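# Tertiary structure, described
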Amino acid sequence: MTDISRRSLNAMLLAAPFAATLGAYPSWAASTKPAVNADTLVVALEKEIQNLDALVTASGDSLRYAWQIYDTLYGFDPQGKLAPRMATSYSVSDDGLSYTYKLKPGITFQNGDPLTSADVAFTVARVLDPAVKSTRRPFFAPVIAGVDTPDPLTVVFRLTQPDGSFLNKVAGFLFIVPKKYIEGLPNSDAFAAAPIGSGPYKFVRYDVGQALLLERYDGFYGTKPGVKSLIMKIIPEGSTRVNALLTGEIDLAIQVPLNQKERLEKEPGLRVVVNPVSAPMHIRLYSNDPSLPVSKREVRQALNYALDTKAIIKSVYHGVGEPMGTFISSYFPYGSDPDIKPFGYDPTKAKALLKQAGYPNGFEIRLYSGNDHAKELAEAIAAYWGQIGVRTDIQRIDYAAWSRLNNTHKSGPATITQFTNAIYDPIHGVAGSFTKEGTWSDYYNPEVEALVAQLNSTVGAEKRGEIFRKIGRILHDDAAAVYITELFYVFAFKNALDWEVQEGSGFLNFRNVKWRSA
């Protein structure tokens, strides 16, 4: 670590207690100058990073750092379209069972090792190895038969069956890692403590729960970012992030509290961006457990009808949201159905459905909520459910603890969650949340399974969209989850910062960031 970087990080960490003591928001105009200098960007994250191995941790975790440290064969441009990165081109066989990528020559990992096709093959093998516990495994294991490396710059993926979203999966999930480096580590977990990628920034230091420090990798093959040091501070409290921005302590705040959106829009030194992330805020139900009330469709429907989502959006989300009737977001490039309407608030119908299901007096249910969500959300849900006789035990816990429970199917029978768009195709959320083998699924419906299987051999937005609309209708009619709102992230940053938000996604992209000269 350079002296400048160490001083920058330490200064930011020492400043944190000061920001937390500011009771009311300052009345002076926000500073437009960089928090440290024109070579440094200080970003405030809303939650702790759980694991720096982007192939192991959940996509909602890796979206904060993955595009900085790692790289993929193809990626997504700011509008979500496929764009070449480590590969110059790809081709697909006529039968859809072979995908060939040509690598760019001269790419190196951040430790100087050259990138070859062997690294890509090793990355895939690592994802498929059950011992690694990669959250990407369910998306690749069913379809990858093998990976061939006919020469150092050619990679051929052989599939067991066609996969209509394979290009998107490679772009959103397959962060290439260095074979030689990882094979020299004592175990797979050691990689998360000292990750090496080929992205525009390299790992320097992570003070758990405090800050992640990255430095520009000057050997990066592409356009180099305009700042040398990237400091990601962990500031879970929303008001503290706002204070830090207004006092000039940070340069960019992620997920600004929605009740501060209008106020920050009036600050002359700041820019505020509201970005849909194609991520439905919903309540995941463990409906495949026949001993639970939520295993009955009428109960799940009742839980939906019992919520006044418009009122929740107005109060909890301060109007920044949209009611939704199914899991497939209207902000996906394809697959949403405008004819599928939200359930609507109807407590009388909800009570009738509960009686029909055999619960005329309601029942008790445990509802998990991570502290990354407003506590008022769980409280509002419990209050509405209470009106139909459903007594809710709210378990509000630290996000890290919640994530461990959720990733191991121990957050039931109900948990508040979201599913961020990572590959710009609805299969990510649908397969992950509503198929039998989904990483975060406790739901099973043979109709959905059959349609997902059909998607495997379906290519093209129009055809895939048609199938997803059928899935969306089933997930609505079956009340597969309790749907609350479309999710929007609010970013606030200094006007002097030249940065483009990644549209329709929760991924942070600092590849082209820079400070504008005064």
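Please read all numbers here as calculations on a predicted model, not as lab measurements. (Residues numbered from 1 in each chain as written. Predicted model: local features only at pLDDT ≥ 70, side-chain atom pairs only at ≥ 80, totals over all residues. Heavy atoms only, no water.)

## Focus on unusual backbone geometry
The condition that has to hold: Helix numbering and strand numbering both begin at the N terminus, where a helix is a DSSP run of H or I of at least 4 residues and a strand a DSSP run of E of at least 2.
Cis geometry is found at the peptide bond from G412 to P413, where omega equals 10°. Looking at the secondary structure, you find P413 in the loop between helix 15 (399-407) and strand 15 (414-417). The phi torsion at K133 lies on the positive side, around 60°, for a residue other than glycine. Within the secondary structure, K133 sits in the loop between helix 4 (117-128) and helix 5 (137-140).

## A few points about the packing of aromatic side chains
As a reminder of what qualifies: Within 6.5 Å between ring centres, the rings of Phe, Tyr and Trp (the latter by its six-membered ring) count as paired, and their orientation is classed by plane angle as stacked under 30 degrees, edge-to-face over 60, tilted in between. Using a 1.4 Å probe on the protein chains alone, a residue whose accessible area is under 20% of its type maximum counts as buried, one over 50% counts as exposed, and one in between counts as partly exposed.
This structure, assessed with the given rule, holds 27 aromatic pairs. Arranged with centres 4.6 Å apart and planes meeting at 0°, the rings of W67 and F507 form a pair that is stacked. Of the two residues, W67 sits in helix 3 (residues 66-69) while F507 sits in the loop between strand 17 (497-498) and strand 18 (514-515), which places them 440 residues apart along the sequence. The exposure class assigned to F507 is buried, which follows from its relative accessible area of 3%. Consider the rings of Y331 and F488, whose centres lie 5.6 Å apart with planes at 80°: the pair is edge-to-face.

## A closer look at the pattern of salt bridges
As a reminder, the rule being used: Salt-bridge detection follows one rule: a side-chain nitrogen of Lys or Arg within 4 Å of a carboxyl oxygen of Asp or Glu.
Under the counting rule described, the total for this entry stands at 22 salt bridges. With a closest N to O distance of 3.2 Å, K261 and E265 form a salt bridge. Of this pair, K261 and E265 are both found in helix 10 (residues 261-265), four residues apart, which corresponds to roughly one turn of the helix. The partner of R263 in a salt bridge is E267, with the nearest N and O atoms 3.6 Å apart. A residue is classified by how much of its surface remains accessible, and E267, at 9% relative accessible area, is buried. What emerges from the salt-bridge pattern is a single network uniting D71, R85 and R511.

## Some remarks on the sheet that holds strand 11 (residues 252-253)
Rule in force here: For two strands to pair, DSSP has to find at least two bridges joining them. Note on contacts: a residue pair is in contact if any heavy atoms of the two residues lie within 4.5 Å. Every axis in this analysis is a line fitted to C-alpha atoms, fitted for helices over the stretch in contact. Angles between the N-to-C directions lie between 0 and 180 degrees.
The mixed open sheet is built from ten strands, whose spatial order is 8-9-10-1-11-16-12-15-13-14. Two strands lie at the open edges of the sheet, namely strand 8 (201-207) and strand 14 (390-397), each paired on one side alone. Lying over the sheet, helix 15 contacts strand 12 (270-285), strand 13 (363-370), strand 14 and strand 15, oriented at roughly 120° with respect to strand 15.

## As for the confidence of the model for the protein chain
To keep it simple, the criterion reads: Here pLDDT means the predictor's own confidence in every residue, given as a number from 0 to 100.
Overall, the prediction assigns the protein chain a mean pLDDT of 92, with 94% of residues at 70 or greater. Segment residues 1-28 is flagged for pLDDT under 50; beyond a separation of four residues in sequence, or across chains, it makes 55 contacts in the model.

## Describing a nonpolar patch on the surface
Applicable threshold: Put simply, a patch holds well-exposed residues, over 30% relative accessible area, that have no salt bridge, with like charges counted together within 9 Å and Val, Leu, Ile, Met, Phe, Trp or Tyr side chains within 5 Å. Reported accessibility uses the Shrake-Rupley method at a 1.4 Å probe radius. Residues are deemed covered only where the shown protein chains occlude them.
Where nonpolar side chains cluster on the molecular surface, the patch consists of L82, Y90 and V92 and spans about 220 Å² of accessible area. Residue placement: Y90 occurs in strand 4 (residues 87-92).

## Structural notes on empty space enclosed by the protein
We count it as follows: Put simply, the grid is 1 Å and covers the protein atoms alone, a cavity is a trapped set of points that fit a 1.4 Å probe, a pocket is an open set with protein on both sides within 12 Å along at least five of seven lines, and lining residues have an atom within 4 Å of a point. Grid points are joined across faces, edges and corners, and a volume is the space filled by probe spheres set on the points. The residue classification treats Ala, Val, Leu, Ile, Met, Phe, Trp, Tyr, Cys and Pro as nonpolar and Asp, Glu, Lys and Arg as charged. All others, Gly included, are polar.
The final tally for this structure, using the stated rule, is five cavities of 30 Å³ or more. Residue lining of the largest cavity: 23 residues in total, with A58, G60, W402, T417 and Q418 positioned closest to the centre. By residue number, the principal contributor to the lining of the largest cavity is helix 15, which donates five residues. A breakdown of the residues in the lining of the largest cavity according to their chemical character gives seven nonpolar, eleven polar and five charged.

## Some words on the sheet that holds strand 7 (residues 154-159)
Taking strand neighbours across the sheet as the criterion, the four strands line up as 4-5-7-6 in an open arrangement whose pairing is antiparallel. Since the sheet does not close on itself, it has two edges, and those belong to strand 4 and strand 6 (144-151), each with one partner. The average angle at which neighbouring strand axes cross in this sheet is 20°, direction not considered. In this sheet, strand 7 lies alongside strand 6 in antiparallel orientation, the contact comprising five bridges. Its bridge partner being in strand 7, D151 is matched across the sheet by T154. Lying over the sheet, helix 4 contacts strand 5 (98-103), strand 6 and strand 7, oriented at roughly 165° with respect to strand 6. Here helix 6 (residues 166-173) sits on the sheet and contacts strand 4, strand 5, strand 6 and strand 7; the angle it forms with strand 5, its principal contact strand, is near 40°.

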